[in-house]
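# Descriptive structure summary
Take a look at the letters that make up each chain.
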Amino acid sequence: MQGRSPQLSMELNRLLLLTSFLLHMEEGHASSTRLVCDNRLIQKYIGEAKDMEKRVGQCQVLPALSCPAVLPLVDFSLQQWKSKSNETKRREILCDMALLVGAVVGAQGQVTEACGARQLSQLYQHANSFLLLLQTFSWEAGPWEPGCSPRSMEQTHITGIFLTYRQLVQGKLRFFFHDLAKDLCKQGQAGGTDPRCRAR
């Protein structure tokens, strides 16, 4: 019997990464803070988003969606972004991610081809995990309710959903984690050993 194929090994690595992600969330705010402070993790998620976008583009049969997916417009001005509070940024990304997750679910109901369906399932797991994670960061009392209306567009090509997800993770989410790290990671260092020492 031959060893594992490269594709199987990649899938196992992705599953382990997702499991680690979920464990971070289940352990609560402290682990969420560690997730923000370890810049290598967000870089891995960006890499995952790029990989998913590439793989879905390699699917041979990707019919247009009969019911267009409604996707958030995730472009933003860095200057305006810096002027917003962390809570405003969090809620903005939550709105974008919630709309994106809804678009993925809608596309899943229309795509029966195996390759596209498999990639959409993986995208849903990743996007929904971020949606849950973002709800653990809150500077205001009370649960988050998806009553927002982000800027949006309609898209009939499945690849556009993956492109939007990659842009959201690589853009707003990455900068949000960077902004959080400025405060949360300093707080963690103030109460104990420098995380760089613990990582050795």
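Think of each chain on its own: its residues are numbered from 1, step by step along the sequence as written. In view of the model being predicted, local features appear only for residues whose pLDDT reaches at least 70, and side-chain atom pairs are presented and counted only at 80 or more, with totals across whole chains, interfaces and linings using the full set of residues. The basis for the side-chain values is all heavy atoms of the structure; hydrogens and waters are excluded.

The way it works is that DSSP assigns letters per residue, a run of H or I at least four long becomes a helix, a run of E at least two long becomes a strand, and they are numbered from the N terminus. Multiplying 1.5 Å by the helix residue count minus one yields the expected span of that helix. Between its terminal C-alpha atoms helix 6 (residues 114–134) stretches 30 Å, which fits the 30 Å expected from 21 residues at 1.5 Å a residue. A 3.5 Å cut-off defines polar contacts: any pair of N or O atoms within that distance qualifies, except that in protein one atom must be a possible hydrogen donor and the other a possible acceptor, and neighbouring residues in sequence count only when both atoms are side-chain atoms. Between a side-chain oxygen at the N-terminus of helix 6 and the backbone nitrogen of Cys-115 the separation is 2.9 Å; the capping residue is Glu-113.

Take Lys-89: it is sitting in helix 5 (residues 86–108). Sequence separation between Lys-89 and Lys-172 is 83 residues, and the spatial gap between their C-alpha atoms is 8.1 Å. Should any heavy atoms of two residues lie within 4.5 Å, those residues are counted as being in contact. Those residues in contact with Lys-89 that sit more than four places away from it in its chain are Trp-81, Lys-82, Lys-84, Phe-176 and Asp-179.

Before going further, it helps to spend a moment on the nonpolar core. Inside soluble globular proteins, nonpolar side chains tend to come together where they are buried. The nonpolar core is taken to be a set of buried Ala, Val, Leu, Ile, Met, Phe, Trp, Tyr and Cys residues, with the residues joined through side-chain atoms within 4.5 Å. Exposure is judged per residue with a 1.4 Å probe applied to protein chains only, and the accessible area is read against the type maximum: over 50% gives exposed, under 20% gives buried, and values in between give partly exposed. The biggest cluster of nonpolar side chains holds 45 residues, and the ones touching the most others in it are Phe-130, Ile-161 and Tyr-165. At the level of secondary structure, the elements contributing two or more residues to this core comprise helix 3 (39–57), strand 1 (69–72), helix 5, helix 6 and helix 7 (158–190). Here this core gets 13 residues from one element, more than from any other, and that element is helix 7. Not counting residues up to four positions away in its chain, the partners in contact with Tyr-165 are Ala-49, Met-52, Met-97, Leu-100, Leu-123, His-126, Ala-127 and Phe-130.

The next thing to look at is the packing of helix 3 against helix 6. Angles shown run from 0 to 180 degrees and are taken between the N-to-C directions of axes, each axis being a line fitted to C-alpha atoms and, for helices, limited to the stretch in contact. Here helix 3 crosses helix 6 at 160°, and the two axes come no closer than 10 Å. Judged by the angle between their axes, helix 3 and helix 6 are roughly antiparallel. Seen along the crossing, helix 3 lies across helix 6 with a hand that is left-handed. Residues Tyr-45, Glu-48, Met-52, Arg-55 and Val-56 of helix 3 pack against Cys-115, Gln-119, Gln-122, Leu-123, His-126 and Phe-130 of helix 6. Grouping the constituent residues of the contact of helix 3 with helix 6 by class yields six nonpolar, three polar and two charged. Under this scheme an angle from 65 to 115 degrees is roughly perpendicular, one under 35 degrees roughly parallel, and one over 145 degrees roughly antiparallel; angles in between are oblique. With the far helix as reference, a near helix turned anticlockwise by less than a right angle produces a left-handed crossing, and one turned clockwise produces a right-handed crossing. Any residue outside Ala, Val, Leu, Ile, Met, Phe, Trp, Tyr, Cys, Pro, Asp, Glu, Lys and Arg is labelled polar, Gly included; the first ten of those are nonpolar and the last four are charged.

An ideal rise of 1.5 Å per residue puts 27 Å on 19 residues; helix 3 measures up with 28 Å between its terminal C-alpha atoms. Taken residue by residue, helix 3 has Leu-41, Ile-42, Tyr-45, Ile-46, Glu-48, Ala-49, Met-52, Arg-55 and Val-56 as its buried positions.

Once their charged atoms are close, side chains differing in charge can pair, the charge on each being opposite to the other. Salt bridge, as applied in this entry: a Lys or Arg side-chain nitrogen positioned within 4 Å of an Asp or Glu carboxyl oxygen. A complete count under the given rule lists 10 salt bridges for this structure. Salt-bridge contacts for Asp-179 lead to Lys-89; the nearest nitrogen and oxygen are separated by 2.6 Å. Taken together, the positions of Asp-179 in helix 7 and Lys-89 in helix 5 put the pair 90 residues apart, joining distant regions of the chain. No difference in accessibility class separates Asp-179 from Lys-89, as the two residues are buried. Measuring nitrogen to oxygen at the nearest pair gives 2.7 Å for the salt bridge that ties Lys-172 to Glu-92. Residue Lys-172 is found in helix 7, and its partner Glu-92 is found in helix 5; the two are separated by 80 residues along the sequence. Look at Glu-92 and you get partly exposed, because its relative accessible area is 21%.

Attention shifts here to the side chain of Lys-172. The exposure class of Lys-172 is buried, given its relative accessible area of 2%. The residues contacting Lys-172, other than those within four sequence positions of it, are Leu-73, Val-74, Asp-75, Phe-76, Trp-81, Glu-92, Ile-93, Asp-96 and Gln-167.

Residues with a pLDDT of 70 or more make up 70% of the chain, whose mean pLDDT is 79. pLDDT is a residue-level measure of predictor confidence that goes from 0 to 100. In the model, residues 24–30 has pLDDT below 50 throughout and makes nine contacts with residues more than four positions away in sequence or in other chains. Predicted confidence for residues 190–200 stays below pLDDT 50, and this span has three contacts to residues more than four positions away or in other chains.

Centres within 6.5 Å make a pair out of two Phe, Tyr or Trp rings, where for Trp the six-membered ring is used; the pair is then stacked when the planes are under 30 degrees apart, edge-to-face when over 60, and tilted otherwise. The final tally for this structure, using the stated rule, is four aromatic pairs. Look at Phe-76 and Trp-81: their rings are 5.3 Å apart centre to centre, the planes differ by 55°, and that puts the pair in the tilted class. You can call Trp-81 buried: its relative accessible area is 2%. Between Phe-76 and Phe-175, the ring centres sit 5.9 Å apart and the planes meet at 75°, which makes this aromatic pair edge-to-face. Highlighted residues: Phe-76 in the loop between strand 1 and helix 4 (78–82) and Phe-175 in helix 7, separated in sequence by 99 residues. By relative accessible area, which is 29% here, Phe-76 ends up partly exposed. Residue classification places Phe-175 among the partly exposed residues on the basis of a relative accessible area of 24%. One aromatic cluster is present, built from ring pairs that chain together Phe-76, Trp-81 and Phe-175. The rule for a charge over a ring is simple: NZ of Lys or CZ of Arg within 6 Å of the ring centre, and within 35 degrees of the ring normal. The ring of Phe-175 has Arg-174 sitting right over it, with the charged end atom 4.8 Å from the ring centre.

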